[in-house]
Amino acid sequence: DPLSPAIQKILGSWPRDAIFPVLDAYRAMLTSPPGRMALMDAVRTIGPSPPGGSLGAVLESVFVGDEPTSNPTRMVSLRLLANLFDVDLIPVIGPQLDYLLDLVKGTVEHLGTKGIAIAFTTFLMNTAVYLQKVTSASVSTSLALAGLAGAVVERSDIAVAASVTNALLVIGTLRRESLVKPSDMSRVASTIKRLAS
C-alpha cells in the first residue's frame, strides 16, 4: 500500500540515498492499472511546493535538494518519471511538464553514468511523444525539452551512445511535429553534423 504509514515514514524520514527501493516499487506499480490508481494521490503531489514527506517532495529533494544524491536514487527517480506518461496519469502530470523539465535539468551533469543517461533520455523521449499527441503543447515546454535534448547531444563525448541516440530522436520528433523551428536548434547543429560524419 503506497499510502501505508510505514511507506510514508520512509519517504518522510529516510536519507534520500536509501529510499530508492520504495521509488522503484512505485515505478513498477505505475505499469499496472491497479497500481496507477493506488498511486494517484501520491502522483498528484508532484509539482511546485509539494507537501512535506510526499512523493513530490522526495523527487524535488532528489534533483534539487541540499543532500548529494546517489546514482541509484537519481536513476530510479528518472525511471519513475518516465513511467508517468500513461493515459490515466496524463491529466495529472501533463500540467506539470514545465516544472518537471526544470526539475531534472541538472541531470545533464551526470550523463557519464549509463543508467542515469538512459533513464533521463527515456523521460525526455516520453515527453516528446506526449507533446506530439496534444494540440495544446506550449512553445516554452517544447523549447525546454529541445534544450535538454540538445545538451545531451552536446555532451556526446561523455554521454553513452544510446542516450545520445534518444536525444536525437527527441529533437527529430520535435522538428517533425514543428514543435521547434530549425533556428531553435542552431546551437547543436554543428554537434549533430559532427556526429553524423
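See the structure printed just above.
In this text the structure is predicted, and so the values were computed from the model without any measurement. (Residues numbered from 1 in each chain as written. Predicted model: local features only at pLDDT ≥ 70, side-chain atom pairs only at ≥ 80, totals over all residues. Heavy atoms only, no water.)

**Some details on the pattern of salt bridges**
Inclusion rule: Each reported salt bridge corresponds to a side-chain nitrogen of Lys or Arg within 4 Å of a carboxyl oxygen of Asp or Glu. Numbering of helices and strands runs from the N terminus; a helix is a DSSP stretch of H or I covering at least four residues, while a strand is a stretch of E covering at least two. A 1.4 Å probe rolled over the protein chains alone gives each residue an accessible area, and that area as a share of the maximum for its type sets the label: buried under 20%, exposed over 50%, partly exposed in between.
The final tally for this structure, using the stated rule, is six salt bridges. With a shortest N-O distance of 2.8 Å, D86 and R36 are connected by a salt bridge. Within this pair, whereas D86 is found in the loop between α5 (71-82) and α6 (90-93), its partner R36 is found in helix α3 (residues 33-43), the two being separated by 50 residues in sequence. Classification of D86 as buried rests on a relative accessible area of 18%. Using a relative accessible area of 8% as the deciding quantity, one classes R36 as buried. A salt bridge links R155 to E109; its shortest N-O distance comes to 3.4 Å. You can see R155 sitting in the loop between α9 (139-154) and α10 (161-176) and its partner E109 sitting in the loop between α7 (97-104) and α8 (114-133), a full 46 residues away along the chain. Take E109: its relative accessible area is 56%, and that puts it in the exposed class. Each of R36, D86 and D88 takes part in salt bridges that share partners, so that together they form one network.

**Quick word on the environment of R155**
Note the threshold: Residue contacts are defined here by distance: any two heavy atoms, one from each residue, within 4.5 Å place the two residues in contact.
We classify R155 as partly exposed; its relative accessible area is 26%. Residues R155 and A42 lie 113 residues apart in sequence; the distance between their C-alpha atoms is 34 Å. Look past the residues within four positions of R155 in its chain and what remains in contact with it is V108, E109 and L111.

**Thoughts on the packing of helix α2 (residues 20-29) against α5**
Let me state the cut-off plainly: Orientation is described by axes fitted as lines to C-alpha atoms, over the contacting stretch for helices, and by angles from 0 to 180 degrees between their N-to-C directions. The labels follow the angle: roughly parallel below 35 degrees, roughly antiparallel above 145, roughly perpendicular from 65 to 115, and oblique for the rest. Here a crossing is called left-handed whenever its near helix is offset anticlockwise from the far helix by less than a right angle, and right-handed whenever the offset is clockwise.
The N-to-C vectors of α2 and α5 enclose an angle of 15°; their axes lie 9 Å apart at closest approach. On the basis of their axis angle, the class for α2 and α5 is roughly parallel. Like other packed secondary-structure pairs, α2 and α5 cross with a definite hand, here left-handed. Contacts between α2 and α5 involve F20, L23, D24, Y26 and R27 on the former and, on the latter, P72, T73, V76, S77, R79 and L80.

**With respect to the packing of aromatic side chains**
Applicable threshold: Only rings of Phe, Tyr and Trp enter the pairing, Trp through its six-membered ring, and a pair is recorded when the two centres are within 6.5 Å. The plane angle decides the type: under 30 degrees is stacked, over 60 is edge-to-face, the rest tilted.
Summed over the entire model, instances satisfying the criterion amount to two aromatic pairs. Relative to F123, the ring of F85 has its centre 6.0 Å away and its plane inclined at 50°; by these criteria the two rings are tilted. Residue F85 is located in the loop between α5 and α6, and its partner F123 is located in helix α8; the two are separated by 38 residues in the primary sequence. Classification of F123 by relative accessible area gives buried; the value is 0%. Look at F85 and Y130: their rings are 6.1 Å apart centre to centre, the planes differ by 50°, and that puts the pair in the tilted class. One end of the pair, F85, is in the loop between α5 and α6; the other, Y130, is in helix α8, with 45 residues separating them in the sequence.

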